[in-house]
Amino acid sequence: MAPPRPPLTRLFTVLLAGLLAGLALAVAALPGNLLLGVVTKSALGSYAALPAALKTPATPQRSYLYANDGKTLITTFYDVNRTDVALSEIAPVMRQAIVAAEDRRFYSHGGADLRGLARALVANVKGGGTEQGGSTLTMQYVRNVLKTDPSRTAEERQAATDQNVGRKLQEIRYASALEQSLSKDEILNRYLNIAYFGSGAYGVAAASQRYFGKAPAQLTLAESALLAGLVQSPEAYNPIDGDRDAALSRRAYVLDSMVETGAITAAQAAQAKAEKLTLHPTAQPNGCTAVAQGHDDWGYFCDYLRQWWLTQPAFGATAEEREQALRRGGYTVVTSLDPQVQATAQQQATAVYGYGNKRALPIAAVEPGTGRVLAMAVNRHYSLAANPAGQDNHPNTVNPLISGGDSVDGYQAGSTFKLFTMLAALESGKTLSTGFDAPGKLPTRYPAEGEGSCDGHWCPANANPDWMDGYRMMWDGFGRSVNTYFVWLAEQVGQEKVVEMAQRLGITFRADSDAAFARNDAADWGSFTLGVAATTPLDLANAYATVAAEGTYCTPLPVVSVRTSTGEQVPVGDPSCKRVLDADVARAATDAARCPVGQQSPYGQCNGGTATSVNEILDGRPVAGKTGSSEENATETFVGFTPQVAVAGIAANPDDPTDSVGSAVQAKVIDAVARVIATAVKGQPEKSFTAPSRELAGEPRRPVERPPARQERPRTPDDDPRSLLERWLGGRGRG
């Protein structure tokens, strides 16, 4: 907070009085404008010679973050709490009040009121009362700009408030030059947008919100007089943090001054003086830990947006410059956060695990074709508040549990990674009808030892042989999540192509061991298709969104639009998309992905799924998806998508990967994700998936097996325990 404006020191007033002593007598006899005109011609500067900050103010303003409706405020960012408003957005009584309080002759002088200055100097030299400054609104504006100009050094900003004759004369010169080129209303508007009103509020917009919780256009006479009275000594008269009686006394002074200037009548002043001081203090949120009350879950999205912002060259050359731009640039950011989708995601995440549970269900929702992030939820409060003893990261944490980064590598997502094997196979020329007689255990070429190996080789197994073993194609291999089918398929295609496919769709290997496998041993990463690499709900949702968008990958995007303080649109809100898959390949993968959720392929080859309840929740609306379980059910995952949204949720213990969430929670995860999808598509037209070509479908080589009477997934994991190969290679394989 800025300190109160210091009074002119006795030494300074004596010196300046001496300098202007000859003028003092003349002031009494000459009109102020005539005297100013004489001085202007000989001593005052030109507008062209003014510092750039005075011609085009670079005053700091807070930035606003809104949800995708452009109305729901998420939070604000600022170093200085202020926002510029046009003069037309400020109540006329507020304009009249500030003139009456600070510069009654504002509309008649030319920047420096020499009559008022001389009067103040004489009064100060005589003493016996409160010292007077004699500065006009224009001179105060000059001082405020120069002491806050970010382009000046700290020493230069400090010099703008030094009490010496040279600084005062410079202020007069600058003020006069401004008056030659700017209208009075322009100067008044600039002043009202930069003046300090106490309690951290800079400018009338911030002040009216801080003290009365309203826009400056709505200020009453009594409220305007109180605010106008604050600028002389913002902290001393501040009715929130300072002296209420002093504030009321100062308000009365301003009202009397307004009567003297003719702005109001004596009766109006008396009525305003009689009003009780009624405050509605409103603290503007600052940063992601201060999101709108009751919505601390929005903090995770806010933090993701901030991290994205720091990578955007449009806001500066370095991360530090971009951070400063966010906090001082006055941007209006309409984000991609959908409040309704977010509310459902948060409700579902906390329905599975409460805030106090050490386990978590992070959920992310992404829009296919744009990459816009619609929701990021988890059963945690985004807060720096202390946690109970023994609870390091719950119920409060600011760790990026949904998007990853910092110390969060992610979580194993199990068989959801089979999608990448299927895509790689389809891209290499195989068809959906590619068949294989999947055994209960499959000996591979990868060396391994110990329990679960077959003659010295890694030997993955199906979790439910009675339901999974046998002749399978991509449709029912994916629908029933048959491990041995997909390990075999990955061997046919080449593991390195599967890993590359995952990366192409946006899977980021944040864990050092995963990154090393992908970089050095991708061809021998046999267990990759079973989802042993760590990922995040956001990465996973966006990868599946790429398939939903028929092969168009879009970089995850947290904004819809960004505008500067002057309304200019910054070119960062448009989606950044590119084709990474042939459309027919993506359609074929989608066709098989309808099997797990209890729907049917146009080719009629679905015969059992691991998440058939999704079809019921979506009421038959076209949907696709995949379940996933990791070793000993340490994590449980479900990803679902329609043409309009992709949603992923991963149940895990973020702090302890050895703490298995258990298979029983998978049904809840499936239900949670499906209900987020239902909210996201509510009210939108139903869109169908495009069927793949006959060429990619191929020709089924056996009659379709009828699904079992009970379509629910058996209560066993759909994934084999983590591969012995991974243990042998020393991979981490957990989130």
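Above this text is the structure in question.
Residues numbered from 1 in each chain as written. Predicted model: local features only at pLDDT ≥ 70, side-chain atom pairs only at ≥ 80, totals over all residues. Heavy atoms only, no water.

Caption draft 1: Just the packing of helix H18 (residues 418-427) against helix H21 (residues 483-493), in detail. Running from N to C, H18 and H21 point in directions that differ by 40°, and their axes come no closer than 9 Å. When the axes of H18 and H21 are compared, the pair comes out oblique. When the axes of H18 and H21 are compared, the crossing they make is left-handed. Of the residues in H21, those touching H18 at Lys418, Thr421, Met422, Ala424 and Ala425 are Asn483, Phe486, Leu489, Ala490 and Val493. (Axes fitted to C-alpha atoms, helices over the stretch in contact; angles between N-to-C directions. Helix = DSSP H or I, 4+ residues; strand = E, 2+ residues; numbered from the N terminus. Parallel < 35°, antiparallel > 145°, perpendicular 65-115°, else oblique. Left-handed = near helix turned anticlockwise from the far one by under 90°. Contact = heavy atoms within 4.5 Å.)

Caption draft 2: Here's a closer look at the sheet that holds strand S4 (residues 363-366). On the basis of which strands lie adjacent, the open sheet formed by five strands has the order S5-S4-S19-S18-S17 and antiparallel pairing. The strands lining the two open edges of the sheet, one partner per strand, are strand S5 (373-377) and strand S17 (624-629). With strand direction ignored, the average angle separating the axes of adjacent strands in the sheet is 5°. This element, helix H17 (residues 339-352), spans S4 and S5 of the sheet and lies at about 25° to S5. (Pairing = 2+ DSSP bridges.)

Caption draft 3: Layout of the state of the cysteines. Under the defined criterion, the tally for this structure stands at four disulfides. The disulfide partner of Cys288 is Cys302, and the gap between their sulfur atoms is 2.1 Å. Torsion about the S-S bond of the Cys288 and Cys302 cystine: about -75°, corresponding to left-handed handedness. Note that Cys288 is positioned in the loop between helix H14 (266-274) and helix H15 (298-309) and Cys302 in helix H15, a separation of 14 residues in sequence. There is no split in this pair, since Cys288 and Cys302 are both buried. With cysteine numbering restricted to those in disulfides and following the sequence, the protein chain has the pairing 1-2, 3-4, 5-6, 7-8. (Disulfide = S-S within 2.5 Å. Buried < 20%, exposed > 50% of the residue type's maximum accessible area, 1.4 Å probe, protein only.)

Caption draft 4: Just helix H25 (residues 583-593), in detail. Most of H25 sits out of view: ten of its eleven residues are buried. Burial in H25 covers these residues: Ala583, Asp584, Val585, Ala586, Ala588, Ala589, Thr590, Asp591, Ala592 and Ala593. Of the residues flanking the start of H25, the one acting as N-cap is Asp582, its side-chain oxygen 2.9 Å from the backbone nitrogen of Asp584. (Polar contact = N/O pair within 3.5 Å; in protein donor to acceptor, adjacent residues only side chain to side chain.)

Caption draft 5: Structural detail: the environment of Gln284. With respect to the secondary-structure elements, Gln284 resides in the loop between H14 and H15. Gln284 gets classed as buried once you look at its relative accessible area, which sits at 14%. As for Gln284 and Arg62, which are separated by 222 residues in sequence, their C-alpha atoms are 9.7 Å apart. Setting aside residues no more than four positions away along its own chain, Gln284 makes contact with Arg62, Thr76, Tyr78, Asn81 and Gln209.

Caption draft 6: Highlighting the pairing of S17. With six of six residues buried, S17 lies mostly within the body of the structure. What sits between the antiparallel neighbours S17 and strand S18 (residues 636-641) is a turn of six residues, in which Glu632 has the positive phi angle 50°.

Caption draft 7: Broad picture of the sheet that holds strand S1 (residues 63-66). Read across the open sheet, the four strands follow the order S2-S1-S3-S15; overall the sheet is mixed. Of all strands in the sheet, those bounded by a partner on one side alone are strand S2 (73-77) and strand S15 (559-563). Ignoring strand direction, the axes of neighbouring strands in this sheet form an average angle of 15°. The pairing of strand S3 (residues 332-335) with S15 spans four bridges and is classified as antiparallel. Looking across to S15, one finds that Val333 is bridged to Val562.

Caption draft 8: Here's a closer look at helix H23 (residues 512-520). Burial in H23 covers these residues: Ser513, Asp514, Phe517 and Ala518. In a view along the axis of H23, the buried residues occupy a sector of 135°, so they form one face of it. Of the exposed residues in H23, the ones pointing more than 90 degrees away from its buried face are Asp512, Arg519 and Asn520. (Arc of directions from axis to C-beta.)

Caption draft 9: Seen up close, the side chain of Ser208. Mapped onto the elements of the fold, Ser208 is located in helix H11 (residues 204-212). For Ser208, a relative accessible area of 0% corresponds to the buried category. A polar contact of 3.0 Å, which involves the side chain of Ser208, links it to the backbone oxygen of Lys214.

Caption draft 10: Broad picture of the packing of aromatic side chains. Overall, the coordinates contain 22 aromatic pairs when judged by the stated rule. Three or more aromatic residues joined by ring pairs make a cluster, and in this case those are Phe417, Phe420, Phe509, Phe517, Trp525 and Phe528. Over the ring of Phe106 we find Lys184; its NZ or CZ atom is 4.6 Å from the centre of that ring. Seen from the ring of Phe478, Lys626 lies directly overhead, with NZ or CZ sitting 5.6 Å from the centre. (Phe/Tyr/Trp six-rings, centres within 6.5 Å; stacked < 30°, edge-to-face > 60°. Lys NZ or Arg CZ within 6 Å of the ring centre and 35° of its normal.)

Caption draft 11: Representation of the pattern of salt bridges. In this structure the tally under the stated criterion is 21 salt bridges. Between Arg143 and Glu171 there is a salt bridge, with the nearest N and O atoms lying 2.9 Å from each other. Within this pair, whereas Arg143 is found in helix H7 (residues 137-148), its partner Glu171 is found in helix H9 (residues 165-181), the two being separated by 28 residues in sequence. You can call Arg143 buried: its relative accessible area is 10%. Arg167 serves as the salt-bridge partner of Glu171, at 2.3 Å between the closest nitrogen and oxygen. Of the two residues, Glu171 and Arg167 are both situated in helix H9; the distance of four residues between them amounts to about one turn of the helix. One exposure class covers both Glu171 and Arg167, and it is buried. Look at the salt bridges and you will find they share partners, linking Arg143, Arg167, Lys168 and Glu171 into a network. (Salt bridge = Lys/Arg side-chain N within 4 Å of Asp/Glu carboxyl O.)

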